[in-house]
Amino acid sequence: ILERHHLAQTMCLLNIPHCSILKNLSEADYSEAVNILQHLILVTDIANHCKEMPEMKELVGNFDKTKKSDQYHLIGLMMTCCDLNQVTKPHDVSLQICDLIYEEFHAQGDHEKQCGHKPIPMMDRDQSNRPKEQIGFIQFLAMPAFSLLTQLIPETQPNVDNIEKLLEYWNEQAKLVNQ
């Protein structure tokens, strides 16, 4: 839902005269630019990313830079990796970003409680298990995306290396929580 809002706001901004950066494009180029924007914004929805992941995996060893669908899948994967990049940062920066994300999650959970709703455990500061949740996030979302990107663009390997180090940290934290 939020991604559709982002797309709608982007289109509103592009229609403001002093923001209409696409105005000098031909009709065909404008349409293509809008299609790319739409794809890049909507692919950051994790459900869309997961749905496209099997097709993106087929790019390994088969990427055709002249094929529009391959181009879209690759830039979509890159956009998703940009969206998830906090796990690729140096350890201290990654943990600071994680703290900020959890502050937002817990504020949302507090608000939901005030409204009489039961927040999901990750957003409930009394039930949240950060190490377990971060391990799940890395193993099921971030690592598969970045591993695939590295298979397609080997120069991105340092990102996977940083994620592996962060996963080791969260596994150690999980052991401490479970003691």
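Residues numbered from 1 in each chain as written. Predicted model: local features only at pLDDT ≥ 70, side-chain atom pairs only at ≥ 80, totals over all residues. Heavy atoms only, no water.

Engineer: What is the right way to look at the state of the cysteines in this model?
Structural biologist: Two cysteines, two sulfur atoms, one covalent bond between them: this is a disulfide. Applying the stated rule across the entire model yields 0 disulfides. Its sulfur unpaired, Cys82 is 7.3 Å from the next cysteine sulfur, which belongs to Cys81. (Disulfide = S-S within 2.5 Å.)

Engineer: Sorry if this is basic, but what is going on with helix 2 (residues 27-42) here?
Structural biologist: Turn by turn, an α-helix covers 3.6 residues, leaving residues three or four places apart pointing in a common direction. With 16 residues, helix 2 ought to run about 22 Å at 1.5 Å a step, and its terminal C-alpha atoms sit 22 Å apart, in line with that. All of the buried residues in helix 2 are Ala33, Val34, His39, Leu40, Ile41 and Leu42. Looking at the buried positions of helix 2, the neighbouring elements they touch are helix 1 (2-14), helix 3 (46-57) and helix 4 (68-83). (Helix = DSSP H or I, 4+ residues; strand = E, 2+ residues; numbered from the N terminus. Expected span 1.5 Å × (residues − 1). Buried < 20%, exposed > 50% of the residue type's maximum accessible area, 1.4 Å probe, protein only. Contact = heavy atoms within 4.5 Å.)

Engineer: Please explain the nonpolar core as it appears in this structure.
Structural biologist: Burial of nonpolar side chains together is a common tendency in soluble globular proteins. Leu77, Val87, Phe137, Ile138, Phe146 and Trp170 are the most contacted members of the largest nonpolar core, which has 26 residues in total. Elements represented by at least two residues in this core include exactly helix 3, helix 4, helix 5 (91-114), helix 6 (130-152) and helix 7 (157-177). Considering every element that reaches this core, the biggest residue donor is helix 6, with 10 residues. Once you skip the residues sitting within four places of it in the chain, Ile138 turns out to touch Val87, Met143, Pro144, Ile163, Leu166, Leu167 and Trp170. (Core = buried A, V, L, I, M, F, W, Y, C linked by side-chain atoms within 4.5 Å.)

Engineer: Sorry if this is basic, but what is going on with helix 7 here?
Structural biologist: With 21 residues, helix 7 ought to run about 30 Å at 1.5 Å a step, and its terminal C-alpha atoms sit 30 Å apart, in line with that. Where helix 7 is concerned, the buried positions are Val160, Ile163, Leu166, Leu167, Trp170 and Ala174. Buried residues in helix 7, looked at end-on, bunch into an arc of 120 degrees, giving them a common side. Of the exposed residues in helix 7, those oriented more than 90 degrees away from the buried face are Lys165, Glu168 and Leu176. Looking at the buried residues of helix 7, the elements they touch are helix 5 and helix 6. (Arc of directions from axis to C-beta.)

Engineer: What exactly am I supposed to notice about the packing of helix 2 against helix 4 here?
Structural biologist: Two measures define how a pair of helices packs: the angle their axes make with one another and the distance between the axes. Interaxial distance between helix 2 and helix 4 falls to 9 Å at its minimum, and their mutual angle equals 45 degrees. It follows that helix 2 is oblique to helix 4 by the angle criterion. Crossing of helix 2 against helix 4: the hand is right-handed. Every residue of helix 4 that contacts helix 2 at Glu32, Asn35, Ile36, His39 and Leu40 is listed here: Lys68, Tyr72, His73, Ile75, Gly76 and Met79. (Axes fitted to C-alpha atoms, helices over the stretch in contact; angles between N-to-C directions. Parallel < 35°, antiparallel > 145°, perpendicular 65-115°, else oblique. Left-handed = near helix turned anticlockwise from the far one by under 90°.)

Engineer: Help me understand the pattern of salt bridges in this model?
Structural biologist: Opposite charge on two side chains makes pairing possible when the charged atoms of those side chains draw close. Within this structure, the stated rule accounts for 6 salt bridges. Residue Arg130 pairs with Asp99 through a salt bridge whose shortest N-O separation is 2.6 Å. Here the residue Arg130 occupies a position in helix 6, and Asp99 occupies one in helix 5, the gap between them amounting to 31 residues. On the basis of relative accessibility, which here comes to 38%, the residue Asp99 falls in the partly exposed class. Residue Arg125 is joined to Asp110 by a salt bridge in which the shortest nitrogen-to-oxygen separation is 2.7 Å. Taken together, the residues Arg125 in the loop between helix 5 and helix 6 and Asp110 in helix 5 connect sequence positions 15 residues apart. Residue class for Arg125 comes out partly exposed when judged on its relative accessible area of 43%. By relative accessible area, which is 26% here, Asp110 ends up partly exposed. It is possible to trace a salt-bridge network through shared partners that takes in Lys113, Asp124 and Asp126. (Salt bridge = Lys/Arg side-chain N within 4 Å of Asp/Glu carboxyl O.)

Engineer: What exactly am I supposed to notice about the packing of aromatic side chains here?
Structural biologist: Remark: the centre distance and the inter-plane angle together describe each pair of aromatic rings, the angle taken between the planes. The tally for this structure, following the rule as stated, stands at 2 aromatic pairs. Between Tyr169 and Trp170, the aromatic rings sit 5.0 Å apart at their centres with planes inclined by 70 degrees, giving edge-to-face as the arrangement. The class for Trp170 is buried, based on a relative accessible area of 5%. (Phe/Tyr/Trp six-rings, centres within 6.5 Å; stacked < 30°, edge-to-face > 60°.)

Engineer: Explain the confidence of the model for the protein chain to me, please; I cannot follow it from the model alone.
Structural biologist: Caution applies to low-pLDDT parts of the model: their predicted coordinates are not meant to be read in detail. On average, residues of the protein chain score 94 in pLDDT, and 99% of them are at 70 or above. Helix 6 holds the highest mean pLDDT among the elements of the protein chain, 97, whereas helix 1 holds the lowest, 89. (pLDDT = per-residue confidence, 0-100.)

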